[in-house]
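Commentary on secondary and tertiary structure
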Protein chains: 2
Amino acid sequence: ALGAPVMAQANPKVSWKMTSTYTPSLPPLYSSAQTFCKMVEEASGGNFSIRLYPGGEIVPGFGVMDAVSNNTVECGQTASYYFYGKDPTFCFDTAVPFGLNARQMNAWMDQGDGLKLMRELFATRNIVNFPMGNTGTQMGGWYRKEIKTPEDLKGLKMRTAGFAGEVLSRLGVVPQQIPPGDIYPSLEKGTLDAVEFVGPVDDEKLGLQKVAKYYYYPGWWEGSAQLSLYVNDGAYNQLPKQYQAIIAMATRYAGQQLLTDYDAHNASALRRLVASGAVLRAFPLDVMNASFDAANIVYKEFCDKYPQFKKVFDNYMAFRDEVSPWFRLAEGSYDNYLNVALARAKK
Amino acid sequence: ALGAPVMAQANPKVSWKMTSTYTPSLPPLYSSAQTFCKMVEEASGGNFSIRLYPGGEIVPGFGVMDAVSNNTVECGQTASYYFYGKDPTFCFDTAVPFGLNARQMNAWMDQGDGLKLMRELFATRNIVNFPMGNTGTQMGGWYRKEIKTPEDLKGLKMRTAGFAGEVLSRLGVVPQQIPPGDIYPSLEKGTLDAVEFVGPVDDEKLGLQKVAKYYYYPGWWEGSAQLSLYVNDGAYNQLPKQYQAIIAMATRYAGQQLLTDYDAHNASALRRLVASGAVLRAFPLDVMNASFDAANIVYKEFCDKYPQFKKVFDNYMAFRDEVSPWFRLAEGSYDNYLNVALARAKK
């Protein structure tokens, strides 16, 4: 039943600015930020409005953490592993090599200690962080030559970032940090041998299959990659509880949209890439094993060096090892059977 | 002088009743409904309140659809495949044999035609439906004897429901509809030979391992199972747009909680079940293949008989076949490798 009016205080006018690392050239990522803003506005009857700016417009793409810490903007969309240089522990908020898949990541954040541990870490930067979606498992990137053994990685100049670069360097790769706009020319000129970006939907826009046709899977450094909303803690604490609840819900709402966008559209993007010359290859088992071993060496070094990293690493990996057997047994056996059955039915 | 306050329309007082098929004896399911109500209340500053009743208190557990259709209650939590008897097409809103996994289901609902098709179907019952979570892949149930060949299914009196029962009957199973409370005694007395319920978290409460120790996987009739919130369309259309947005967000918020609850806790529940006598078995490939073939026969019959079923079936299965290759390539190869690597690392 509709009825009595309410106090104006329950639904005050609030206007925020939001910056993103991304721009409209990456539609799933950017449009999930737009959806977040739209839902906040609708759920508050138009009283809580957040104006979104693409990366580079008022804050540089990788300036999101500082801008939210300083309250230059009240909130921002990004992926925490870009801030690996400030503290490698931030990677656990996005992706680490041989880490959790998207559902396991949600489970660690919501039901395990993930959100609690990340909130502790972000509090030191005056940020309240919220998970806001996931890309799912990414691809292992584009290579000009086939990777048949771990030795084929040695000396490769490869565009990658953060923690993945650290592990790949142990395999002889020479990691390069290059903005998306410069990737294609660098590959064309031969100053790059390989590039990892995201997956079919985003990679398709770069046209890389024309210059580096071998497209490898899986991206073992990003079994899933979580996106985040950062909110300045002072701004957050001034919000009525009602708007805090709306932020919690709008981030999950937009986050689900992000993952379903990739899950629904990667298949067709991959088909188009293959049709225009991409050659799909699985990383050989030897390469996967060498990568797994290299990751574990780096993990051990980082745990010895950074107590905060070790604290989160132990919790994250214990969760992975705890839930994996169930995923293998139920989800894995179901998905694997169905894939075989569908292939059989096609014949 | 009396006058309408400025904000009155933006945040009106609304009080609804909600019924559930479930009771607090199934904590993930029931607590996700509680979370939905709590988030709606918080996000509306306490002005939109929904009082939740467990199944059987004001409406029978399986009376949710009728109660919401008739506006006996404004909304309700249930799984649409319980209403298979009214129209088998409702199954696509929950689970069908060899159907989509949880992420694919979200993608079909959000990005494919799933929600649109289901909304058309539910409109004929005066219901606006919202997805509200998923159980993930379920188990294949508890059996007193091992299932070594398809022949071992013949004559089994098995507790199952709806569409799964229809397919299993083609394999010689005699399906029984039995409420959860009567399952254990029926197995103990020997009037049942097998039971499928949900998965480790929920199954653990029934103690079935004491009387039917073989615990089979995967539940091919529920590669995932979506839960739903039903809202009476008249009640929904009277809501301000603000509260409609809050419902859309709160259902996703609570829905994610449901899946992460199962994803985080099935592993430990399964370990406890095995420790207390459950014997894990994968359905043999022959049994899976016979089931797959039987499902396809039933699908064909239903498509010939029910045009609405065929319309949704064609769309749903086209989506499955479209996205599956990507899932196999990226998620599948990542998950499968990691499972092998973790097993290798343990040795």
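A quick note: this is a predicted structure, and the numbers were derived from the prediction, not measured.

**With respect to the pairing of strand β10 (residues 226-232) of chain A**
Residues and elements named next belong to chain A. Judged by how many residues are buried, β10 sits mostly within the fold: seven of seven residues are covered. Residues Gln226, Ser228, Tyr230 and Asn232 point to one face of β10 and Leu227, Leu229 and Val231 to the other, with burial holding for every one of them. As paired elements, strand β3 (residues 75-78) and β10 share four bridges and run antiparallel to each other. Residue pairing for β10: cysteine 75 is matched across the bridge by valine 231. Alignment of strand β4 (residues 127-134) against β10, held across six bridges, turns out to be antiparallel. Bridge pairing in β10 places isoleucine 127 opposite asparagine 232.

**Some remarks on the sheet that holds strand β7 (residues 174-176) of chain B**
All names here are of chain B. An order of β7-β6-β8-β5-β9-β11 is seen for the six strands of this open sheet, with the pairing classed as mixed. What marks the edges here is a single partner per strand, and that holds for β7 and β11 (279-282). Bridge count between strand β6 (residues 157-159) and β7: three bridges; the pairing is parallel. Paired with arginine 159 across the strands is glutamine 176, a residue of β7.

**Thoughts on helix α6 (residues 180-189) of chain A**
All names here are of chain A. Of all the positions in α6, only Ile183, Ser186 and Leu187 are classed as buried. The arc that holds the buried residues of α6, viewed along the axis, is 95°, so those residues lie on one side. More than 90 degrees from the buried face of α6, the exposed residues found are Gly181, Glu188 and Lys189. Buried residues along α6 sit against β6 (157-159) and β8 (194-195).

**Overview of the nonpolar core**
One finds A:Phe92, A:Phe98, A:Trp108, A:Tyr143, A:Phe163 and A:Trp220 to be the most contacted residues of the largest nonpolar core, which totals 95 residues. Considering every element that reaches this core, the biggest residue donor is helix α11 (residues 307-346) of chain A, with 11 residues. Formed by 94 residues, the second largest nonpolar core is a distinct cluster that contains A:Leu206, B:Leu171, B:Trp220 and B:Cys303.

**So, the UniProt feature "binding site: substrate" (unreviewed entry) in chain A**
Residues and elements named next belong to chain A. In the UniProt entry, the feature "binding site: substrate" (unreviewed entry) is given for Gln138, Arg159, Glu196 and Glu222. Following the sequence through the fold, glutamine 138 ends up in the loop between β4 and β5 (141-143). Using a relative accessible area of 3% as the deciding quantity, one classes glutamine 138 as buried. Those residues within four positions of glutamine 138 in sequence are excluded, and the remaining contacts are Glu196, Phe197, Val198, Pro218, Gly219, Glu222 and Ala225. Excluding residues within four positions of it along the chain, glutamate 196 makes contact with Gln138, Gly140, Gly141, Met158, Arg159, Thr160, Ala161, Trp221 and Glu222.

**Looking at the packing of helix α1 (residues 27-43) of chain B against helix α9 (residues 241-275) of chain B**
All names here are of chain B. Look at α1 against α9: their axes get within 8 Å of each other, and the N-to-C directions meet at 150°. Pair α1 / α9 crosses with right-handed handedness. Across the interface between the two elements, Pro28, Leu29, Ser31, Ser32, Thr35, Phe36, Met39, Val40 and Ala43 of α1 pack against Ile246, Ile247, Ala250, Thr251, Tyr253, Ala254, Gln257, Leu258, Asp261 and Tyr262 of α9.

**Focus: the interface of chain B and chain A**
In this assembly, 85 residues from chain B lie in contact with 84 residues from chain A. Across the chain B to chain A interface the summed buried area is about 7600 Å²; carbon plus sulfur atoms make up 61%. Among the residues of chain B in contact with chain A, B:Met249, B:Trp326 and B:Tyr334 are the three that bury the most area, contributing 11% of the side total. Where chain B meets chain A, there are eight salt bridges. A salt bridge links B:Asp263 to A:Arg103; the shortest N-O distance between them is 2.8 Å. Within the residue set of the side of chain B that touches chain A, elements represented by two or more residues are β1 (14-20), α1, α3 (102-110), α9, α10 (285-305) and α11 (307-346) of chain B. Counting residues per element, the side of chain B that touches chain A draws most heavily on α11(B), at 23 residues. When its residues are assigned to classes, the side of chain B that touches chain A shows 42 nonpolar, 26 polar and 17 charged.

**Overview of the relation of the copies chain B and chain A**
Of the two same-sequence chains, chain B is brought onto chain A (RMSD 0.0 Å, axial shift 0.0 Å) by a rotation of 180°. Here the two chains are linked by the operation of a two-fold rotation axis. Residues of chain B ranked by C-alpha distance from the rotation axis are headed by B:Met249, positioned 2.8 Å from it. Looking at the interface residues of chain B, 93% of them are also at the interface in chain A, so both copies use one shared face.

**With respect to the UniProt feature "binding site: Na(+)" (unreviewed entry) in chain A**
Residue and element names in this part refer to chain A. The positions that UniProt labels "binding site: Na(+)" (unreviewed entry) are, in the present scheme, Phe197. Its place among the elements puts phenylalanine 197 in the loop between β8 and α7 (200-203). With residues up to four places along the chain from it excluded, the contact list for phenylalanine 197 reads Leu26, Gln138, Arg159, Pro180, Ile183, Asp202, Asp203 and Leu206.

**Section: the packing of aromatic side chains**
One pass over the structure, following the stated rule, counts 60 aromatic pairs over all chains. Pairing A:Tyr81 with A:Tyr82 gives two aromatic rings, centres 5.3 Å apart and planes at 50°, and the pair type is tilted. By the ring-pair criterion, three or more aromatic residues cluster together here, those being A:Tyr84, A:Phe92, A:Trp108, A:Phe163, A:Tyr299, A:Phe302, A:Tyr306, A:Phe309, A:Phe313 and A:Tyr316. The ring centre of B:Tyr253 lies 3.8 Å from the NZ or CZ of A:Arg252, which sits over that ring. Against the face of B:Phe130 rests B:Arg119, its NZ or CZ located 4.6 Å from the ring centre.

**Comments concerning the side chain of A:Gln257**
Note that A:Gln257 resides in helix α9 (residues 241-275). Within polar-contact distance, the side chain of A:Gln257 engages the side chain of A:Thr35 at 2.6 Å. For A:Gln257, the residues in contact, after removing those within four places along its chain, are A:Ser31, A:Ser32, A:Thr35, B:Gln111 and B:Arg252.

The rules behind the values
- Residues numbered from 1 in each chain as written.
- Chains lettered and ligands numbered in written order.
- Predicted model: local features only at pLDDT ≥ 70, side-chain atom pairs only at ≥ 80, totals over all residues.
- Heavy atoms only, no water.
- Buried < 20%, exposed > 50% of the residue type's maximum accessible area, 1.4 Å probe, protein only.
- Helix = DSSP H or I, 4+ residues; strand = E, 2+ residues; numbered from the N terminus.
- Pairing = 2+ DSSP bridges.
- Arc of directions from axis to C-beta.
- Contact = heavy atoms within 4.5 Å.
- Core = buried A, V, L, I, M, F, W, Y, C linked by side-chain atoms within 4.5 Å.
- UniProt positions renumbered as here; feature names shortened; annotations may be inferred.
- Axes fitted to C-alpha atoms, helices over the stretch in contact; angles between N-to-C directions.
- Left-handed = near helix turned anticlockwise from the far one by under 90°.
- Buried area = accessible area lost by both parts, 1.4 Å probe.
- Salt bridge = Lys/Arg side-chain N within 4 Å of Asp/Glu carboxyl O.
- Nonpolar A, V, L, I, M, F, W, Y, C, P; charged D, E, K, R; others polar.
- Least-squares fit on C-alpha atoms with pLDDT ≥ 70 in both.
- Phe/Tyr/Trp six-rings, centres within 6.5 Å; stacked < 30°, edge-to-face > 60°.
- Lys NZ or Arg CZ within 6 Å of the ring centre and 35° of its normal.
- Polar contact = N/O pair within 3.5 Å; in protein donor to acceptor, adjacent residues only side chain to side chain.

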